[in-house]
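Breakdown of the fold
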Amino acid sequence: MAEPLLARAAAGSAGVDYGDVQGLVRFGYNRMTEARFFLLAIRDPAAARTWLSAAPVADAVERRPPPPTAMQVAFTAEGLRALGVPASVIQGFSPEFISGMAGEESRSRRLGDLGADAPSRWRWGGPGRVPHLLVLLYAEPGRLADWQRTIQGEHWTTAFQEVECLPTSNLDGIEPFGFKDGISQPSVDWKRERRVEGDQLEYGNLLALGELLLGYPNEYGKYTERPLLGVPDDPRGVLLPAEDAPGRKDLGRNGTYLVLRELRQDVQGFWRFLNREANSNPQERQRLAEAMVGRRMSGEPLIPPGGGPIPGVGPGAEDTRQNQFTYASDQTGTRCPFGAHIRRANPRNADLPGGPGSLLSRLIRVLGLRREGIRTDLVASTRFHRILRRGREYGPGLSPEDALRPDRAEGEARGLHFICLNANILRQFEFVQNAWIMGTKFNGLTGESDPLLGNREPIPGCPVTNAFSIPREDTQPRRIAGMPQFVTVRGGGYFFMPGLRALHYIAASPITEGDNRP
Ligand code: HEM
């Protein structure tokens, strides 16, 4: 069925061996507008290993013409266990991956998975419903059904039991509330040219490779934890040596963590609430929605571009127009509210509040002596908390006008299969979700969390979380109160998306502990 994995893993590039990286890390597969995600439990480990060994998993090498289909695979910690990967190897992964998205109550609380979002109410990923494997299929229009048949092949049903099959829909780059999506992403330093030394005084959008892929230096100049094996544990010599640990084999190298959350969007509830707040004025309704997102529905930012080039933004005109801005020019939040979704999800700041300056002013800032107001030092530096988003929409589209029609029946499921990739789930996805998106004190605010994503649950010390304030020039902010929940979590999980060599290694399990030691 496939080219042998290792033959393809040899193809490379100067910085990274793209032949060893799964393609989704580098490409969004936007031309492949059809996609379907399978959440699987392993029924028969031997058949699963046979299927995985032959699986034509797409790598990240750029091909002309680009292939019309792609498949990617990723595993939960339970999945690695079920395949026979030894516990001593699994221990090398990060604690949050091992525990899983819904594995601990305190994690669920931090992620905001409470009330209607509690894992016990999820369709999958909650107690007793954690999948082993995620198989992502992508195809150009009209090709998905055939591609699925090819992929599933003879071993599929023996090997796996379907926990869920997540369908997606092509809404032409518009997410279900009606906003253009997929506009701001970090640029990845594939060529490994970025030198990170000391504080970064300006916001940048170019990210060290180690923030995305395991086995490379991250924004701290360090290597993120991952399983490093002894040479005897890799008797077939499949894995690459670890850059930072001579004599060790790197199971993480060229792999990443994939976070998946099924987020159901109440599109009718969203537009009906805003319509009431806007006294049925269509322009005002749209203005309120745009204030909540932080961009126009067309994707244009609420902050006019300016302030000079930002490393990692552009050079294309569209990216420059849409992403060459920071919030430094909007200290009062009157252009883009402090609590807007994109201002929370990426506050676009550097390491030191207030930006560059003389050595003396820097010292004063570091010592915390300058009092520039509460907001200058409340938001953590963004470069340690970036994620690469790769989600897909599901369900039929619904325009704001249709959402408001009184005769329109409610209840059709639509939303986002949110996917993000990162090398450190705790410091990247979980931090963004917890401190910024769910944070009720983000940026000096009180009584609110993300206007789109907030679960509106009261929390200790903060009985109200359902407000949204829109600062205004020369007058008090407009405070919208009593917002209902617009997005509900329906499932979720943490997956390890290995490099192709590591996938080959995993597929060759079981390797029993101490098996290959002399
Ligand atoms: C149904 C749920 C969600 C909706 C409707 C939504 C919608 C949007 C929209 C319309 C944008 C602006 C377009 C763009 O920059 O691509 C955006 C940006 C973004 N979102 Fe979300 N989002 C959702 C969930 C999430 C979650 C769960 C996270 C992370 C935990 C997240 C993180 C981000 C980030 C990092 C950006 C880019 C911000 C920037 O760099 O300016 N989103 N989202």
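About the criteria used
- Residues numbered from 1 in each chain as written.
- Predicted model: local features only at pLDDT ≥ 70, side-chain atom pairs only at ≥ 80, totals over all residues.
- Heavy atoms only, no water.
- Donors = N, O, S within 2.8 Å, 3.2 Å for Na, K, Ca; no water.
- Helix = DSSP H or I, 4+ residues; strand = E, 2+ residues; numbered from the N terminus.
- Near = heavy atom within 4 Å.
- Polar contact = N/O pair within 3.5 Å; in protein donor to acceptor, adjacent residues only side chain to side chain.
- Nonpolar A, V, L, I, M, F, W, Y, C, P; charged D, E, K, R; others polar.
- Buried < 20%, exposed > 50% of the residue type's maximum accessible area, 1.4 Å probe, protein only.
- Arc of directions from axis to C-beta.
- Contact = heavy atoms within 4.5 Å.
- Phe/Tyr/Trp six-rings, centres within 6.5 Å; stacked < 30°, edge-to-face > 60°.
- Lys NZ or Arg CZ within 6 Å of the ring centre and 35° of its normal.

Looking at the coordination of the iron atom of the ligand
Protein coordination of the iron atom of the ligand is limited to a single donor, His341 (NE2), positioned at 2.1 Å. You can see His341 is positioned in helix 12 (residues 341–345).

Some details on the site of the ligand
Lining the immediate surroundings of the ligand are 26 residues, of which Ile183, Ser184, His341, Arg348 and Arg389 lie closest. Between the ligand and the protein, one listed contact pairs an oxygen atom with a side-chain N or O atom of Asn346 at 2.9 Å. Taking Arg348, its side chain carries an N or O atom lying 2.8 Å from an oxygen atom of the ligand. Broken down by secondary-structure element, the contributors of at least two residues to the shell around the ligand are strand 10 (256–265), helix 12, strand 13 (415–422) and helix 15 (426–437). For the shell around the ligand, the residue count by class is 14 nonpolar, six polar and six charged.

Observations regarding helix 7 (residues 144–152)
If you check which residues of helix 7 are buried, you get Leu144, Trp147, Gln148, Ile151 and Gln152. Here the buried residues of helix 7 occupy an arc of 125 degrees about the axis, which is enough to place them on one side. Considering only its buried residues, helix 7 is in contact with strand 1 (34–42), helix 2 (45–54), strand 2 (69–75), strand 3 (133–139), helix 8 (156–159) and strand 4 (160–167). Downstream of helix 7 by a residue or two, Gly153 has a phi angle that is positive, lying close to 45 degrees.

Regarding the packing of aromatic side chains
To describe a pair of aromatic rings, you give the distance between the ring centres and the angle between the ring planes. Per the stated rule, a full pass over the model turns up 22 aromatic pairs. Ring geometry for Phe270 and Trp271: centres 5.1 Å apart, planes at 85 degrees, overall edge-to-face. If you follow Arg26 out to its NZ or CZ, it ends over the ring of Tyr18, 3.8 Å from the centre. The ring of Phe325 is capped by Arg348, whose NZ or CZ atom sits 4.0 Å from the centre of that ring.

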